Amino acid sequence: MNENKKIHIIFGGLIGIGVFFGLVLLFAGIIMMFGIDRIYSAVFATIAVATGGFFSAYYTASKWGEKGYLIGLIAGTIYFLLIGIVSVIVSKSKISYNTLFHFLIIVLASVIGGISGVSKKKTKLL
């Protein structure tokens, strides 16, 4: 793997984390501003983490230009493991069926992002 691909992986991960944190802040503001019940925070968090995985894989796959599904699968799995480890440490929760659901959502969003990133690259006119 050449040096540029490593940089794209790292930068793609940073983009995903940035999107995730940006959406968490946005959703927290929406919850506070509109007085939405905190029970919906898990839904907002899932949307935020899945969107971060999508953009991480999208960027990386668009730069690589091939195998978007594989890049998305790898990016989503790594992203899930990082989020999962932090979640277990912070909330001291255990692995459950909900964990499997989150894994599927994150990986699916990342695979879609990887495929979209490669497709965008191939259809570019200039």
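Structure report, in brief. (Residues numbered from 1 in each chain as written. Predicted model: local features only at pLDDT ≥ 70, side-chain atom pairs only at ≥ 80, totals over all residues. Heavy atoms only, no water.)

1. Brief notes about the packing of aromatic side chains
Counted only if it meets this: Each pair of aromatic rings taken from Phe, Tyr and Trp, with Trp reduced to its six-membered ring, is defined by centres within 6.5 Å and is described as stacked if the planes are under 30 degrees apart, edge-to-face if over 60, and tilted in the remaining cases. Per the convention used, a helix needs a DSSP run of H or I reaching at least four residues, while a strand needs a run of E reaching at least two, with both numbered from the N terminus.
For the structure on display, the rule yields six aromatic pairs. Arranged with centres 4.8 Å apart and planes meeting at 25°, the rings of Phe27 and Phe44 form a pair that is stacked. Residue Phe27 is found in helix H1 (residues 3-34), and its partner Phe44 is found in helix H2 (residues 41-64); the two are separated by 17 residues along the sequence. Between Phe54 and Tyr58 the ring centres are 5.9 Å apart and the planes differ by 25°, which places this aromatic pair in the stacked class. Within this pair, Phe54 and its partner Tyr58 are both found in helix H2, separated by four residues, close to a single helical turn. Ring-pair connections join several aromatic residues into one group, and the members of that group are Phe54, Phe55 and Tyr58.

2. Topic: the packing of H1 against H2
Put simply, the test is: Each axis is a line fitted through C-alpha atoms, and for a helix only the stretch in contact is used; angles between axes span 0 to 180 degrees, taken between their N-to-C directions. Angular relationships are summarised with four words: roughly parallel below 35 degrees, roughly antiparallel beyond 145, roughly perpendicular across 65 to 115, and oblique for the angles in between. With the far helix as reference, a near helix turned anticlockwise by less than a right angle produces a left-handed crossing, and one turned clockwise produces a right-handed crossing. For this classification, Asp, Glu, Lys and Arg are treated as charged, while Ala, Val, Leu, Ile, Met, Phe, Trp, Tyr, Cys and Pro are nonpolar and the rest, including Gly, are polar.
Two numbers describe how H1 lies on H2: the axes approach to 8 Å, and their chain directions differ by 155°. Classified by the angle their axes make, H1 and H2 are roughly antiparallel. Considering how the two elements wind past one another, H1 and H2 form a crossing that is right-handed. Of the residues contributing to the contact of H1 with H2, the split by class is 17 nonpolar, nine polar and two charged.

3. Here we look at the environment of Ile9
Mapping Ile9 onto the fold places it in helix H1. With 109 residues separating them along the chain, Ile9 and Val118 place their C-alpha atoms 14 Å apart.

4. Here we look at a nonpolar patch on the surface
Worth spelling out the cut-off: In this analysis, a patch consists of residues with relative accessible area above 30% that form no salt bridge, clustered at 9 Å for like charges and at 5 Å for the nonpolar side chains Val, Leu, Ile, Met, Phe, Trp and Tyr. Areas reported here follow the Shrake-Rupley algorithm with a probe of radius 1.4 Å; residue values treat only the protein chains shown as occluding. One side-chain nitrogen of Lys or Arg within 4 Å of one carboxyl oxygen of Asp or Glu is enough to make a salt bridge.
A cluster of nonpolar side chains, Tyr69, Leu70, Leu73, Ile74, Ile78, Leu82 and Ile115, forms an exposed patch at the surface whose accessible area comes to about 650 Å². The dominant element in the nonpolar patch, judged by the number of residues it contributes, is helix H3 (residues 68-91), at six residues. Here Ile74 shows up in helix H3.

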